[in-house]
Amino acid sequence: MHPRQEGDTHILRGTLRELEAKLDADRFARIHRSTIVNIARVRELRPHINGEYFLTLDGGHEVKLSRSYRDQLRRFRD
């Protein structure tokens, strides 16, 4: 795993599921099988084809919210 924090990359051993269990569920959301985001960093939610979405983070980076994680959408709309 290579989590990023304010431009820095960190190397961790373990699974994304293990990391997800350790993170505060009120602050972080799993949006793809390989992506967890800090909800406070999401600036834009843009629909894409087939029920997928793209999230734009405050640094301008775009990440995909896959159909499997569509139930997370409500967290970004509130």
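Structural notes, computed from the coordinates. On a predicted model such as this, the values are computed, not experimentally measured, just so you know. (Residues numbered from 1 in each chain as written. Predicted model: local features only at pLDDT ≥ 70, side-chain atom pairs only at ≥ 80, totals over all residues. Heavy atoms only, no water.)

**Some details on the overall build of the protein chain**
Next, step 1: In terms of regular secondary structure, the protein chain is built from 2 helices and 7 strands.
Next, step 2: Along the protein chain, helices and strands appear, N-terminal first, in the series β-β-α-β-β-β-β-β-α.
Next, step 3: Counting the 78 residues in the protein chain, one finds 28% classified as buried.
Next, step 4: Counted over contacts in the protein chain with a minimum sequence separation of 6, partners at least 24 positions apart contribute 28%.
Next, step 5: Of the accessible surface of the protein chain, which amounts to about 5900 Å², a share of 44% is contributed by carbon and sulfur atoms. (Helix = DSSP H or I, 4+ residues; strand = E, 2+ residues; numbered from the N terminus. Buried < 20%, exposed > 50% of the residue type's maximum accessible area, 1.4 Å probe, protein only. Contact = heavy atoms within 4.5 Å. Areas by Shrake-Rupley, 256 points an atom, 1.4 Å probe, with all protein chains shown as cover.)

**Considerations on the sheet that holds strand β6 (residues 53–57)**
Next, step 1: Judged by pairing direction, the sheet is antiparallel, and its 3 strands sit side by side in the order β5-β6-β7 without closing on themselves. For this open sheet the edge positions go to β5 (42–47) and β7 (62–65), each flanked by a neighbour on one side alone. Averaged over all pairs of adjacent strands, the angle between their axes in this sheet comes to 25°, without regard to strand direction.
Next, step 2: With 4 bridges connecting them, β6 and β7 associate as antiparallel partners. Across the sheet, L55 pairs through a bridge with V63, a residue of β7. (Pairing = 2+ DSSP bridges. Axes fitted to C-alpha atoms, helices over the stretch in contact; angles between N-to-C directions.)

**Some thoughts on the pairing of β7**
Next, step 1: Burial along β7 is one-sided: V63 and L65 are buried, and none of E62 and K64, which face the opposite way, are.
Next, step 2: If you look at the hairpin formed by β6 and β7, you'll find 4 residues sitting between the two strands, and G60 has a positive phi there, around 95°.

**With respect to the nonpolar core**
Next, step 1: If you look at the biggest cluster of nonpolar residues, it comprises 12 residues: A29, I31, V37, I39, V42, Y53, L55, L57, V63, L65, L73 and F76.
Next, step 2: Secondary-structure elements contributing two or more residues to this core are β3 (28–32), β6, β7 and α2 (73–77).
Next, step 3: Here this core takes 3 residues from β6, the largest share from any one element.
Next, step 4: Aside from chain neighbours lying at most four places away, what touches V63 is I31, T35, V37, Y53, F54 and L55. (Core = buried A, V, L, I, M, F, W, Y, C linked by side-chain atoms within 4.5 Å.)

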